[in-house]
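The lines below spell out each chain.
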Amino acid sequence: AQTVTQSQPEMSVQEAETVTLSCTYDTSESDYYLFWYKQPPSRQMILVIRQEAYKQQNATENRFSVNFQKAAKSFSLKISDSQLGDAAMYFCAYRRFGAGNMLTFGGGTRLMVKP
Amino acid sequence: DTGVSQDPRHKITKRGQNVTFRCDPISEHNRLYWYRQTLGQGPEFLTYFQNEAQLEKSRLLSDRFSAERPKGSFSTLEIQRTEQGDSAMYLCASSLASTNEKLFFGSGTQLSVL
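Described below are features of the structure shown in this document. Nothing here was measured: the structure is a model prediction, and the numbers come from that model. (Residues numbered from 1 in each chain as written. Chains lettered and ligands numbered in written order. Predicted model: local features only at pLDDT ≥ 70, side-chain atom pairs only at ≥ 80, totals over all residues. Heavy atoms only, no water.)

1. Section: the overall build of chain B
As a reminder of what qualifies: In this text, helices come from DSSP runs of H or I with a minimum length of four residues, and strands from runs of E with a minimum of two, each type numbered from the N-terminal end. Atoms counted for the radius of gyration: C-alpha only. Globule rule: 2.2 Å times the number of residues to the power 0.38.
Check the secondary structure of chain B and you find zero helices and eleven strands. The order of helices and strands in chain B, counted from the N terminus, is β-β-β-β-β-β-β-β-β-β-β. For chain B, whose C-alpha radius of gyration is 13 Å, the value lies close to the compact-globule estimate of 13 Å for 114 residues. Taking the principal axes of the C-alpha coordinates as reference, chain B spans close to 40 × 25 × 25 Å.

This is how it looks when you write it as structure tokens:
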């Protein structure tokens, strides 16, 4: 079974600074997808960024980028120029190729942004 | 496009009662998912539908739980004989089956079993 681990229950960052959230996963599959989701107090999960395992290039979305290390099974999220609106729970998630959207989530990291 | 809608937003019930939640997906989406999220944890997959067919069920979905999507549009999740351990947020999500499938979540139904 696949597992996803987020070892940082809480992180804080100063506004305009950069922060990195960690995620490791375990799988025996070679084709899969990895995701970072944001869950603000409104509770709605919002997709931040997605990475296909077969792509060597790290995904980027504006201020968000990932460091995908397939051999190490590591998938960290870097948030640059942090904004107050980035404060939320962040979840790392995995799904194997061809599995619909049956995601396995990590336990989450609460990000606080200080003004 | 009004997004994924879930009703009710909050539900308080007594142990042993039955509850039913409703999810209305984005209209053109053919896949619908249910997840459960307990306090301080990430969501856990429960079940999903493609059109009206229930294609996968997690072992988390005990026989007290039943989900339906009768016309391939909205879905209901019923919990019979609720237990305190059922207290959680129940999240619905929908997507359009494709190679670049993207999941859209609703805001969830928070269930409290007293």
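2. Remarks on the sheet that holds strand S8 (residues 75–79) of chain B
All names here are of chain B. Convention followed: Strands are labelled as partners when DSSP assigns at least two bridges between them. The axes used here are C-alpha line fits, helices contributing only the stretch in contact, and every angle between their N-to-C directions lies in the interval 0 to 180 degrees.
Taking strand neighbours across the sheet as the criterion, the four strands line up as S1-S3-S8-S7 in an open arrangement whose pairing is antiparallel. Each of the sheet's edge strands pairs with one partner strand only, and the pair in question is strand S1 (5–7) and strand S7 (65–68). Taken over all neighbouring pairs, the strand axes of this sheet differ in orientation by 15 degrees on average, direction set aside. Note that strand S3 (residues 19–24) and S8 share five bridges and pair antiparallel. Within the sheet, the bridge partner assigned to Thr20 lies in S8 and is Glu78.

3. Considerations on the side chain of Asp86(B)
The cut-off we apply is this: Buried, partly exposed and exposed residues are distinguished by accessible area as a fraction of the type maximum, computed with a 1.4 Å probe on protein chains only: under 20%, between the cut-offs, and over 50%, respectively.
Counting through the fold element by element, Asp86(B) comes out in the loop between S8 and strand S9 (88–95). We classify Asp86(B) as buried; its relative accessible area is 3%.

4. Observations regarding the state of the cysteines
All names here are of chain B. Put simply, the rule is: By convention in this document, the label disulfide applies to cysteine sulfur atom pairs within 2.5 Å.
Here the structure, examined in full by the defined rule, presents two disulfides over all chains. For Cys23, the disulfide goes to Cys92, at an S-S distance of 1.8 Å. Sign of the S-S torsion, about -70 degrees for the bond between Cys23 and Cys92, identifies this disulfide as left-handed. Of this pair, Cys23 sits in strand S3 while Cys92 sits in strand S9, and the two are 69 residues apart along the sequence. The exposure class of Cys92 is buried, given its relative accessible area of 0%.

5. As for the pairing of strand S5 (residues 32–39) of chain A
All names here are of chain A. Most of S5 sits inside the fold, with eight of its eight residues counted as buried. On S5, burial covers both faces: Tyr32, Leu34, Trp36 and Lys38 on one face and Tyr33, Phe35, Tyr37 and Gln39 on the other are all buried. Here S5 pairs with strand S10 (residues 88–96) via eight bridges, running antiparallel. Looking at S10, one finds that Phe35 is bridged to Ala93. Where S5 folds back on strand S6 (residues 46–52), the antiparallel hairpin that results is connected by six residues, among which Arg43 adopts a positive phi of roughly 80 degrees.

6. Brief notes about the pairing of S7(B)
Taken residue by residue, a regular strand's side chains alternate between the two faces of the sheet. All names here are of chain B. Here S7 shows a clear split, with Phe65 and Ala67 buried on one side and none of Ser66 and Glu68 buried on the other. Examined bridge by bridge, S7 and S8 share four bridges and lie antiparallel to one another. Pairing of Ala67 across the sheet is with Leu77, part of S8. In textbook terms, the turn of a hairpin is the stretch between consecutive antiparallel strands, and for S7 and S8 this stretch comprises six residues, one of which, Gly72, has a positive phi near 70 degrees.

7. Comments concerning the nonpolar core
All names here are of chain A. The line we're drawing: We define the nonpolar core as a collection of buried residues of types Ala, Val, Leu, Ile, Met, Phe, Trp, Tyr and Cys that are connected through side-chain atoms lying within 4.5 Å of one another. It only takes one pair of heavy atoms within 4.5 Å for two residues to be counted as in contact.
Judged by nonpolar contacts, the single largest core of 25 residues is most densely connected at Tyr25, Trp36, Phe75, Leu77 and Tyr90. Within the residue set of this core, elements represented by two or more residues are strand S3 (19–21), S5, S6, strand S8 (64–69), strand S9 (74–79), S10 and strand S12 (109–114). If one sorts the elements of this core by residue count, S10 sits on top with four residues. Setting aside residues no more than four positions away along its own chain, Tyr25 makes contact with Thr3, Val4, Tyr32, Leu34, Phe68, Gln69, Lys70, Lys73, Ser74, Phe75 and Tyr94.

8. Details of the interface of chain B and chain A
So the rule is basically this: Defined in terms of a 1.4 Å probe, buried area is the accessible area two parts forfeit on being brought together, summed over both. Think of a salt bridge as a Lys or Arg side-chain nitrogen and an Asp or Glu carboxyl oxygen that are within 4 Å of each other. By the criterion applied in these results, polar contacts are pairs of N or O atoms within 3.5 Å in which, for protein atoms, one can donate a hydrogen and the other can accept it, and in which residues neighboring in sequence qualify only through two side-chain atoms. Residues are grouped as follows: Ala, Val, Leu, Ile, Met, Phe, Trp, Tyr, Cys and Pro are nonpolar; Asp, Glu, Lys and Arg are charged; every other residue, Gly included, is polar.
Taken together, the contact pairs 27 residues of chain B with 18 residues of chain A. Summed over both sides, the interface between chain B and chain A buries roughly 1,700 Å², with carbon and sulfur atoms accounting for 50% of that surface. At the junction of chain B and chain A, the tally comes to zero salt bridges. The tally of links between chain B and chain A comes to seven residue pairs in polar contact (both at pLDDT 80 or more). Elements supplying a minimum of two residues to the side of chain B that touches chain A: strand S4 (31–37), strand S5 (44–50), S9 and strand S11 (109–113) of chain B. Looking at the side of chain B that touches chain A, its residues break down into nine nonpolar, 13 polar and five charged.

Nothing here speaks to function; it is geometry throughout.
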